[in-house]
Amino acid sequence: MPPKAIFAAPGDHHTPPPPETRPLAAFRIEDTVSAPTASRNGVVSALRRHPPALIGVAILAGVTLLALLSPLLFPGDPLAITGEPFLWPFASLAHPLGTDSLGRDILAGVAHGARVSLRIGLSATALGLVLGVAAGALAGYKGGWTDAAISRLIEIFQTVPSFVLLVVLVAITQPSAGTLSAAIAIVTWPTVARLARAEFRSLREKDFVLAARSLGYSHTRIIIHEILPNALPPIVVTASVMVASAILMESALSFMGLGDPNVVSWGSMIGQGREYLRSAWYISALPGLAIMLTVLALNLIGDALNEALNPRKRGGRA
Amino acid sequence: MSHPALSIPAFAVPHAITPLLEVQDLQVHFGSKPAVRGISFTVHEGETLALVGESGSGKSMTALSVMGLLPDGGRASGTIRFAGRDTSTLSPAARRALRGGEIGMIFQEPMTSLNPVMTIGAQIVEALRQHQPLSRTAAKARALELIDLVRIPDPKRRFQDYPHQLSGGMRQRVMIAMAVACGPRLLIADEPTTALDVTIQAQVLELLDRLRRDLSMAVLLITHDLGVVGQWADRVAVMYAGRKVEEGDPSALFALPLHPYTQGLLRASPRLDDAQHYTQGPLTEIPGSIASAAGQDGCAFAPRCPQAVAACRAAVPSLRILESGRKVACPLAHQD
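Note that the coordinates shown come from a computational prediction; the quantities given were computed from them, not determined experimentally.

**With respect to unusual backbone geometry**
Residue and element names in this part refer to chain A. One non-glycine residue, Phe 86, lies in positive phi territory at about 55°. The topology assignment puts Phe 86 in the loop between α3 (51-73) and α4 (106-142). Of note in the backbone geometry, Phe 90 takes a positive phi value of approximately 65° without being a glycine. Considering the arrangement of structural elements, one finds Phe 90 in the loop between α3 and α4.

**Looking at the packing of aromatic side chains**
All names here are of chain B. Considering all chains together, one arrives at 7 aromatic pairs over all chains under this definition. Measuring from centroid to centroid gives 4.5 Å for Tyr 240 and Tyr 261, while their planes differ by 55°, and the two rings are tilted. Placement of Tyr 240 in strand β9 (residues 235-240) and of Tyr 261 in helix α10 (residues 260-267) is noted, with a sequence separation of 21 residues between them. What makes Tyr 240 buried here is its relative accessible area of 1%. Residue Tyr 261 is classed as buried on the basis of its relative accessible area of 0%. Relative to Phe 301, the ring of Tyr 240 lies with its centre 5.1 Å away and its plane at 80°, an arrangement referred to as edge-to-face. Taken together, the residues span a long stretch of sequence, with Tyr 240 in strand β9 and Phe 301 in the loop between α10 and α11 (310-314) at a distance of 61 residues. Taken as a pair, Tyr 240 and Phe 301 share a single burial class, namely buried.

**So, the sheet that holds strand β6 (residues 103-106) of chain B**
Here 8 strands make up an open sheet; going across it, the order is β6-β7-β8-β3-β9-β10-β12-β11 (chain B) and the pairing mixed. Among the strands making up the open sheet, the edge pair consists of β6 and β11 (320-321) of chain B.

**Section: helix α6 (residues 162-172) of chain A**
All names here are of chain A. Within the span of α6, buried status applies to Leu 165, Leu 166, Leu 169 and Val 170. Here the buried residues of α6 occupy an arc of 130° about the axis, which is enough to place them on one side. Seen from the buried face of α6, the exposed residues on the opposite side, beyond 90 degrees, are Ala 171 and Ile 172. Each element contacted by the buried residues of α6 is listed here: α5 (144-159), α7 (177-203) and α9 (219-255).

**Observations regarding the sheet that holds strand β5 (residues 85-86) of chain B**
All names here are of chain B. Strand order in the open sheet formed by 4 strands is β2-β1-β4-β5, with antiparallel pairing between adjacent strands. Two strands in the sheet have a free side with no partner beyond their single neighbour: β2 (33-43) and β5. Where strand β1 (residues 21-30) meets β2, 8 bridges bridge the pair, whose relative direction is antiparallel. Residue pairing for β2: Leu 21 is matched across the bridge by Val 43. On top of the sheet, helix α1 (residues 59-67) reaches β1, β2 and β4 (74-82); it is set at about 115° to β1, its chief contact.

**Quick look at the pattern of salt bridges**
For the structure shown, the criterion picks out 24 salt bridges over all chains. Salt-bridge contacts for Arg 204 of chain A lead to Asp 72 of chain B; the nearest nitrogen and oxygen are separated by 2.8 Å. With Arg 204 of chain A in the loop between α7 and α8 (207-214) and Asp 72 of chain B in the loop between α1 and β4, this residue pair bridges two chains. Its relative accessible area of 22% is what places Arg 204 of chain A among the partly exposed residues. What makes Asp 72 of chain B exposed here is its relative accessible area of 61%. Note that Asp 161 of chain B is salt-bridged to Arg 158 of chain B, the shortest N-O span being 2.5 Å. Residues joined in a network through salt bridges with shared partners are Glu 47, Arg 235, Lys 244, Glu 247 and Lys 327 of chain B.

**Concerning the side chain of Lys 244 of chain B**
All names here are of chain B. Following the sequence through the fold, Lys 244 ends up in strand β10 (residues 243-248). On the accessibility criterion, Lys 244 (10% relative accessible area) is buried. Within the local environment of Lys 244, its side chain forms a polar contact with the backbone oxygen of Ser 40, the two atoms lying 2.7 Å apart. Excluding residues that lie within four positions of it along the chain, Lys 244 makes contacts with Ile 39, Ser 40, Phe 41, Ala 237, Val 238, Met 239, Leu 319 and Ala 329.

**Looking at the pairing of strand β7 (residues 186-190) of chain B**
Residue and element names in this part refer to chain B. Counting buried positions along β7 yields 5 of 5 residues, so the element is predominantly enclosed. Here β7 shows no split at all, with Leu 186, Ile 188 and Asp 190 on one side and Leu 187 and Ala 189 on the other all buried. Pairing of β7 with strand β8 (residues 218-223), which is carried by 5 bridges, proceeds in the parallel orientation. What sits directly across from Asp 190, in β8, is Ile 222. Following the chain from β7 across helix α7 (residues 198-214) to the adjacent parallel β8, one finds a crossover that is right-handed.

**Thoughts on the nonpolar core**
Where a protein is soluble and globular, its nonpolar side chains tend to be buried together. One finds Leu 21, Ile 124, Ile 176, Leu 186 and Ile 188 of chain B to be the most contacted residues of the largest nonpolar core, which totals 84 residues. Ranked by residues supplied to this core, first place goes to helix α6 (residues 168-180) of chain B with 7 residues. With near-sequence residues (within four places) excluded, Ile 176 of chain B lies in contact with Ile 106, Val 150, Val 204, Leu 207, Leu 208 and Leu 211 of chain B. Listed in part, the 33 residues of the second largest apolar core include Leu 97, Val 110, Ala 280 and Ala 290 of chain A.

**Regarding the interface of chain A and chain B**
Between chain A and chain B, the residue contacts involve 22 residues of the former and 31 residues of the latter. Taken together, both faces of the contact between chain A and chain B bury some 2,300 Å²; the carbon and sulfur share is 53%. Here chain A and chain B share 2 salt bridges between them. Here Arg 221 of chain A makes a salt bridge to Glu 126 of chain B, at a shortest N to O gap of 3.1 Å. Where chain A meets chain B, there are 13 residue pairs in polar contact (both at pLDDT 80 or more). Mapped by element, the contributors of at least two residues to the side of chain A that touches chain B are α1 (24-33), α8 and α9 of chain A. Looking at the side of chain A that touches chain B element by element, the count peaks at 6 residues for α8 of chain A. Looking at the side of chain A that touches chain B, its residues break down into 9 nonpolar, 7 polar and 6 charged.

**A short note on the confidence of the model for chain A**
Reading fine detail from the predicted coordinates is not recommended where pLDDT is low. Residue and element names in this part refer to chain A. Overall, the prediction assigns chain A a mean pLDDT of 83, with 83% of residues at 70 or greater. Long-range and interchain partners of residues 1-39, a stretch whose pLDDT sits below 50, account for 15 contacts in this model, where long-range means more than four residues apart. In the predicted structure, residues 314-318 sits below a pLDDT of 50 and forms 5 contacts with residues beyond four places in sequence or in another chain.

Conventions and cut-offs
Residues numbered from 1 in each chain as written. Chains lettered and ligands numbered in written order. Predicted model: local features only at pLDDT ≥ 70, side-chain atom pairs only at ≥ 80, totals over all residues. Heavy atoms only, no water. Helix = DSSP H or I, 4+ residues; strand = E, 2+ residues; numbered from the N terminus. Phe/Tyr/Trp six-rings, centres within 6.5 Å; stacked < 30°, edge-to-face > 60°. Buried < 20%, exposed > 50% of the residue type's maximum accessible area, 1.4 Å probe, protein only. Pairing = 2+ DSSP bridges. Arc of directions from axis to C-beta. Contact = heavy atoms within 4.5 Å. Axes fitted to C-alpha atoms, helices over the stretch in contact; angles between N-to-C directions. Salt bridge = Lys/Arg side-chain N within 4 Å of Asp/Glu carboxyl O. Polar contact = N/O pair within 3.5 Å; in protein donor to acceptor, adjacent residues only side chain to side chain. Right-handed = clockwise from strand over helix to strand, strands pointing away. Core = buried A, V, L, I, M, F, W, Y, C linked by side-chain atoms within 4.5 Å. Buried area = accessible area lost by both parts, 1.4 Å probe. Nonpolar A, V, L, I, M, F, W, Y, C, P; charged D, E, K, R; others polar. pLDDT = per-residue confidence, 0-100.

Below you can see the structure in the form of structure tokens.
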């Protein structure tokens, strides 16, 4: 019979472990360190740490440069016939990327098309952002029936298939860069508005907004100066993807012949080349490649911005 | 002959002169739920009034009503007069001019009360330029002075800092700098030290008291910490479940609390001079919770009161003024 003392010995596995005690200070330190930052240096260095984003920036810079320099590099109308038709790429020094079915220079078309695509992509996004942020900010900040009315309006827009609405809008107006941008903005603003509304709804409850009101700031000033800068990160990320989708929408419209017939655009070039897809596929493929690269570049930048500006993801990447 | 009152300094202005802040029968409701059930108090020029009570007693809602910043769904009734003007009759623009201009406010949570994406310098400059016609450079110079005034070392460097680069105590100092930037006549401090370390609390309170004297402001100090009250307040009003239950001079109130709730509060606080220190025995707690006051007729404290009699549950006891000038809302309280 073993002596009783063995069971009561210190270090016995029956002894309950001491209750876990954590010093209070351990909780506090985390609270102070994880404060959100949105300094510009942070974004730049985050882009630098993200190689795909650098590729995106490089491609976008190239496309932008091409668009800006196109009147100098390719003076004259890109829709003018400049050589014999169906000239393959690299076959002639005068037409490095060949010519289309009518003998128009494809490189000149791609360069001038970049102007159209970027201009419409940027202006449609800018307009969509202004409309969407204004509506979303008002709905999220004011609440009540303002919020209810704007939310219902957003829902109405989102229940209509967006491309159908876009085609209708373009069909009833004279197609030009301005009307195309406006139509694309009308189709895309609800996405931004929903995002901005959600951000403003949560931010308006923050202590710093109450503190701002206690200093006598007006509602307009609080919306623009206090809340908007804090709501901006997710909106910036969305904007980069919006530019890409606006470019795609413009291309799709032009492909269907609904774009401005007087300017060359990537979409219209693909559309005109589709009849010769089996004999001269390069006529459609080259502007298609331009669209793909530009959209890819914008998406890569969007991903990197999301990593850099999203506090949840930033915490995960040590 | 000039009026004799004109020759005496501001801190000795007799109570007959219009008080700086006069709250009369203030009630705040959220839907049908009352948060404040008829509170009246006054704050005079240069004085510190402490509003004391536990969580849920309506202290913060009282302060926000004075600012006109009740949360959505809150309705206030009763009158609030600031410097003789009824604030409910002011236009929205005039109310905004009051907020930050004549009434400053600091909040409980310094960690979240500053805009995280702006430098503290820019935030102080903004607060200054909201109410004063200052140029950018003049505002910056004044902001640097304010940072120095609230005892933040190295103002030039701190000016460029973002809130997350500062500690809680430093952030509360920045909040104070913003609140006093335009030289308010009244500073409302809603639990200004609750979120801070004990060592920082005293420094911040001392800063508030010094600023009160230097800038000749009145302070409405809202707190649940009786230790804070004893040292820094000129007058104390104890709140329970949306009503004022006792008011008086802090030394008299601590020496002889009259209302059973005040007595309970004092017994529940550790005191150095007492034989009863929490290392020697447990602190006495007040049984029950403030939630028991809901839907109750009569004295809100009756369900938790050890001395309650049948009359306490019949009608709300009115605030009596005793011979000594102290006020108490308990029919059983008496001064021996």
